[in-house]
Amino acid sequence: MTRALLIKTLCCAGALWVALASSADAQRRPYLQRLAPTEVTVVWRAASGPGEVCYGTAIDALSESVRDETARTDHAIRLTGLTPDTRYHYAAGTTCPASADANDYFVTPPVAGSTQPFRMWVVGDSGTGGTNQRRVRDAMMAYTAGAPPDVFLHVGDMAYSDGTDSEFSDKFFTIYQDVMAHTVCWPALGNHEAHTANSMDQSGPYYDGYVLPSAGEAGGVVSGTEAYYAFDRSNVHFIVLDSADSDITAPSPMLDWLEEDLAATDQEWIVAFYHHPPYTKGSHDSDREGRHIDMREFATPILERYGVDLVLGGHSHSYERSYLIDGAYDTPTTAAGHIVDPGDGRLDGDGPYDMRGDGAVYIVAGHGGTGVGGPLGHPVMAHDEIVNGSVVVDVEGSSMTLHNIQLDGTESDWATLVKGEGIVVVAPRAGSAVLAGSGLDIQWSATGPTEEVAIDYSLDDGASWIPVVSRVADTGRFGWMAPLVVSSVARVRVSDADAPEVVGISGRFAITDLTEDTLIPFGGVWEYEDDAEPAAGWDTTTGGWDSGPAQLGYGDGDEATVLYDTDPNVPTVYFRQSIEVPGDATAARLEVLYDDAIAVFLNGVEVFSRNIGSLAHDEYASTSSDDNMREGMDLDATLLRPGMNVVAAVVKQSSAGSSDVSFDLSLTATVRVDVPDAGPTPDGGMPGVDGGGVGVDAAGTDAGGPRPDGSIEPPGDESGCGCRSPGEGGGTGAAFSALFALGVWMRRRG
């Protein structure tokens with residue numbers, strides 16, 4: 001198979017990559033490269049012939065086109081003169097079709113320096129082409145449903161084992177083709193790609209497949225090479241280094257460029273990524289291997305001197321996330337004196353990392369699909385694990401929130417970085433869906449002198465605002481009852497109650513009448529009876545038992561709640577929990593963890609059973625199971641009724657001498673709630689419930705609610721409830737919604 005050669009040619013005012021003929025058998029669907037506010041390059045591989053890209057702002061009106069008459073198999077066509085922050089649809093082929101595929105689109109980024117929120121997906125060491133790589137991809141797509149990533153960062157090792165042309169086609173472009181059709185991948189060279197790539201002359205399948213900004217086309221200082229480069233997105237400056245094949249010791253061209261580029265940027269955030277992380281104890285040891293050591297001793301001091309905030313790497317097949325650290329350049333690495341903030345970085349824990357001073361957070365994301373392993377325990381790491389997954393990063397102005405998403409969809413780690421004084425709203429998260437009439441926590445972080453905050457929400461993307469509470473203590477968390485309305489462009493605003501100009505606004509989220517709701521998460525709190533047989537009807541009521549969080553059991557050492565352990569052991573242990581279902585369930589799924597046998601009941605009806613044999617209290621299981629056996633099944637959703645439900649379970653030992661018992665359970669459901677068909681309020685604002693509502697205008701002035709005569713009621717009281725009583729005018733529907741949702745929220749929180 002002849003390797004495709006890409007040669008640079010000058011087109012118009014910039015460098016356009018075009019592909020010469022390739023005899024590669026595998027075709028590649030169109031994918032995007034080098035996306036900037038006013039340009040993008042569309043790349044694909046097809047049978048030899050001319051190429052044309054047609055594009056436009058409507059899916060069925062591709063009014064513009066760029067054509068290359070040269071017959072070739074590898075196409076790279078550059079579109080220029082685009083409008084920033086605009087959605088375009090495109091089609092690529094030999095001639096222009098009438099319309100584009102719904103998945104073939106791109107959104108040009110805003111001009112550099114904008115604070116427009118965006119989301120990035122970070123993947124490393126993925127390129128096996130196997131099941132786990134696909135599960136990691138699918139878990140990300142499920143997690144980001146409704147708000148897919150705007151940026152795809154790959155930190156290397158994307159095509160095992162040697163980065164050949166066919167390996168790139170089969171294990172990278174095919175796997176991610178549906179993502180890359182609308183999301184640009186910005187790569188860093190991995191050591192496996194370096195087997196067939198040469199950074200000195202930018203040759204080989206890695207350089208053939210990518211079109212990267214060597215001349216500063218996407219921001220930053222001209223590097224003169226695609227081996228290392230920079231680009232901007234909103235208020236973030238990205239730096240991509242080559243730790244696999246370029247000279248990484250000082251002085252070197254790459255490190256000289258790095259310092260020049262850092263000195264030139266004035267972006268609020270700086271993110272760097274490359275393959276060999278400076279800190280890891282996964283499948284590789286950063287204290288023993290040369291390229292890790294060199295990146296730590298030569299590149300890291302330059303990055304930190306210029307205020308890097310986040311550094312991403314791979315190579316080590318694990319997930320590791322550091323504390324906020326600074327100056328840890330020695331070998332072996334020591335934590336003493338270098339941990340700026342020893343907290344967990346979580347809003348629901350020790351609080352976010354304050355990025356106004358020294359320090360950066362380092363992530364190892366080498367868990368994207370290949371086999372994982374390693375001893376872990378690096379002294380600068382706040383969290384580490386050996387599970388395949390990927391990282392989703394939400395950038396929202398002065399905040400940056402990191403989420404590690406395992407291949408089964410579990411969010412196992414999260415942390416927030418905050419810059420500058422002000423307020424940052426972290427939840428509801430951009431792109432999330434909130435069930436109408438349900439309860440959730442609004443979460444924010446305030447830096448500076450804020451003592452009390454006001455909270456509002458918008459149903460029309462911030463054009464008008466409706467008060468939630470006028471004054472409440474700055475605790476960073478407030479229980480909110482979402483209104484009984486539907487909106488695809490809802491936002492939450494948190495402002496300093498005494499200085500309204502200090503304000504934070506969430507990203508767009510949806511309030512929906514149909515959503516997947518986690519009724520019981522893994523790790524939830526359960527009532528349990530572990531030393532006696534309960535009375536009849538135990539599985540249809542709750543109250544009066546001991547309770548504790550899952551996992552519940554004994555004998556394995558991984559229990560959050562340790563149960564009664566005696567010899568001979570108790571054959572049967574009982575668990576139960578009440579849940580509130582806020583509407584009609586249309587689908588439901590049960591996941592259980594057990595050892596050795598389990599039966600699950602929903603409102604007294606058995607819905608799942610494994611190895612039970614007899615349900616009699618003194619009978620043991622019919623057989624044993626593996627430790628922490630995990631299974632799942634879809635349930636008959638009609639068994640879940642609107643309102644209160646009881647989920648119960650029995651777990652049995654296999655014998656009197658069995659050494660351990662384990663239990664945990666999760667229950668998710670797709671739930672629909674009835675939402676009144678509310679029209680606009682009399683004053684022309686967005687609807688509340690039943691056409692009423694209390695609102696404020698876009699400038700933040702409390703407009704009150706409409707009186708029967710059409711006038712606007714004065715602002716509400718300062719009691720802190722953010723609502724009026726029925727009969728006080730303007731807001732009876734909103735009050736009903738709040739009361740209904742308050743009941744749901746209180747019951748679900750126990």
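All values reported here derive from a predicted model rather than from experimental measurement.

Conventions we followed
- Residues numbered from 1 in each chain as written.
- Predicted model: local features only at pLDDT ≥ 70, side-chain atom pairs only at ≥ 80, totals over all residues.
- Heavy atoms only, no water.
- Helix = DSSP H or I, 4+ residues; strand = E, 2+ residues; numbered from the N terminus.
- Buried < 20%, exposed > 50% of the residue type's maximum accessible area, 1.4 Å probe, protein only.
- Contact = heavy atoms within 4.5 Å.
- Areas by Shrake-Rupley, 256 points an atom, 1.4 Å probe, with all protein chains shown as cover.
- Pairing = 2+ DSSP bridges.
- Axes fitted to C-alpha atoms, helices over the stretch in contact; angles between N-to-C directions.
- Parallel < 35°, antiparallel > 145°, perpendicular 65-115°, else oblique.
- Nonpolar A, V, L, I, M, F, W, Y, C, P; charged D, E, K, R; others polar.
- Salt bridge = Lys/Arg side-chain N within 4 Å of Asp/Glu carboxyl O.
- Expected span 1.5 Å × (residues − 1).
- Disulfide = S-S within 2.5 Å.
- Polar contact = N/O pair within 3.5 Å; in protein donor to acceptor, adjacent residues only side chain to side chain.
- pLDDT = per-residue confidence, 0-100.
- Phe/Tyr/Trp six-rings, centres within 6.5 Å; stacked < 30°, edge-to-face > 60°.
- Lys NZ or Arg CZ within 6 Å of the ring centre and 35° of its normal.

Colleague: In this structure, what is going on with the overall build of the chain? I would like to understand it.
Modeller: Across its full length, the chain holds seven helices and 46 strands. For the chain, the residues scored as buried account for 57% of the 750 residues in total. Across the chain, the fraction of contacts at a sequence separation of at least 24, relative to all contacts at a separation of at least 6, is 71%. About 27,800 Å² of surface is accessible on the chain, with carbon and sulfur atoms providing 49% of the total.

Colleague: Any chance you could explain the sheet that holds strand E18 (residues 353-354) here in plain terms?
Modeller: Two pairing modes exist for strands in a sheet, parallel and antiparallel, and in both the strands are linked by backbone hydrogen bonds. Ordered in space as E10-E9-E8-E21-E22-E23-E18, the seven strands form an open sheet in which the pairing is mixed. The open sheet is flanked by strand E10 (184-187) and E18, the only strands paired with a single partner. Pairing of strand E8 (residues 118-123) with strand E21 (residues 389-396) involves five bridges; the strand directions are antiparallel. Residue pairing for E21: Trp121 is matched across the bridge by Val392. Along the sheet face, helix H1 (residues 131-143) touches E8, E21, strand E22 (399-406) and strand E23 (411-418) and points at about 30° away from the line of E21.

Colleague: Help me understand the packing of helix H5 (residues 253-264) against helix H6 (residues 290-305) in this model?
Modeller: For any two helices packed against each other, the geometry comes down to the angle between their axes and how far apart the axes lie. Look at H5 against H6: their axes get within 10 Å of each other, and the N-to-C directions meet at 10°. As far as their axial angle goes, H6 and H5 are roughly parallel. Note on element contacts: H6 touches H5 through Phe298, Ala299, Ile302, Leu303 and Arg305, opposite Leu255, Leu258, Glu259 and Leu262. Its residues assigned to classes, the contact of H5 with H6 shows seven nonpolar, no polar and two charged.

Colleague: Explanation requested: the pattern of salt bridges in the structure shown.
Modeller: Pairing is possible between side chains of opposite charge, provided their charged atoms come close. Counting across every chain of the model gives 34 salt bridges. Between Asp74 and Arg45 there is a salt bridge; the shortest N-O distance is 2.7 Å. Pair noted here: Asp74 is in strand E5 (residues 64-79) and Arg45 is in strand E4 (residues 39-56), with a separation of 29 residues, a long-range link. Overall, Arg45 belongs to the buried group, its relative accessible area being 3%. One salt bridge in this structure joins Asp354 and Arg356, with 2.6 Å as the shortest N-O distance.

Colleague: In this structure, what is going on with H1? I would like to understand it.
Modeller: Two residues of an α-helix separated by three or four positions point the same way, owing to the 3.6 residues in each turn. Compared with the 18 Å implied by 1.5 Å per residue over 13 residues, the 18 Å span of H1 between its first and last C-alpha is a close match. Packing partners of the buried residues in H1 comprise E8, helix H2 (165-173), helix H3 (177-180), E21, E22 and E23.

Colleague: Got a minute to help me understand the sheet that holds strand E26 (residues 439-447) in this structure?
Modeller: Taken together, three strands build an open sheet; the order of strands is E24-E26-E29 and the sheet is antiparallel. The open sheet terminates on both sides in strands that have one partner only, identified here as strand E24 (422-427) and strand E29 (477-481). This sheet shows a mean twist of 30° between the axes of neighbouring strands, independent of strand direction. Bridge analysis of E26 against E29 gives five bridges, and the strand direction is antiparallel.

Colleague: What's the story with the side chain of Ser199 in this structure? I'm lost.
Modeller: Its location among the elements puts Ser199 in the loop between E10 and helix H4 (205-209). Apart from residues lying up to four places away in sequence, Ser199 is in contact with Leu189, Tyr207, Thr225, Ala227, Asp242, Asp245 and Ser246.

Colleague: How should I be thinking about the state of the cysteines in this particular structure?
Modeller: Here a disulfide denotes one covalent bond, and it connects the sulfur atoms of two cysteines. Taken as a whole, this structure holds one disulfide when the rule is applied. The side chain of Cys54 participates in a disulfide bridge whose partner is Cys96; the two sulfur atoms lie 1.4 Å from each other. Judged by the sign of its S-S torsion, about -100°, the cystine formed by Cys54 and Cys96 is left-handed. With Cys54 in strand E4 and Cys96 in the loop between strand E6 (87-93) and strand E7 (105-107), this pair connects stretches of sequence that are 42 residues apart. Using a relative accessible area of 34% as the deciding quantity, one classes Cys96 as partly exposed.

Colleague: Explain the side chain of Glu39 here, please?
Modeller: Mapped onto the elements, Glu39 comes out in strand E4. Overall, the relative accessible area of 7% leaves Glu39 in the buried class. Within polar-contact distance, the side chain of Glu39 engages the side chain of Arg78 at 2.8 Å. Contact partners of Glu39, with chain neighbours within four places excluded, come to Arg34, Arg78, Leu79, Thr80, Leu82 and Glu217.

Colleague: Looking at this model, I keep getting lost on the confidence of the model for the chain. Mind explaining?
Modeller: A low pLDDT means the predicted coordinates there should not be read in detail. When pLDDT is averaged across the chain, the result is 86; 87% of the residues are at 70 or more. Every residue in residues 1-25 scores below 50 in pLDDT, and together they form 66 contacts with partners more than four places removed in sequence or on other chains. Note that pLDDT drops below 50 for residues 678-750; the model gives that stretch 133 contacts with residues more than four away or on any other chain.

Colleague: Would you mind going over the packing of aromatic side chains with me for this structure?
Modeller: To describe a pair of aromatic rings, you give the distance between the ring centres and the angle between the ring planes. Per the stated rule, a full pass over the model turns up 30 aromatic pairs. Ring pairs connect the aromatic residues Tyr31, Trp121, Phe152, Phe168, Phe172, Phe173, Tyr176, Tyr206, Tyr207 and Tyr210, which therefore count as one cluster. Above the plane of the ring of Tyr105 lies Arg87, whose end atom (NZ or CZ) is 3.8 Å from the centre. In this structure, Lys419 is placed above the aromatic ring of Trp269, and the distance from its NZ or CZ to the ring centre is 5.1 Å.

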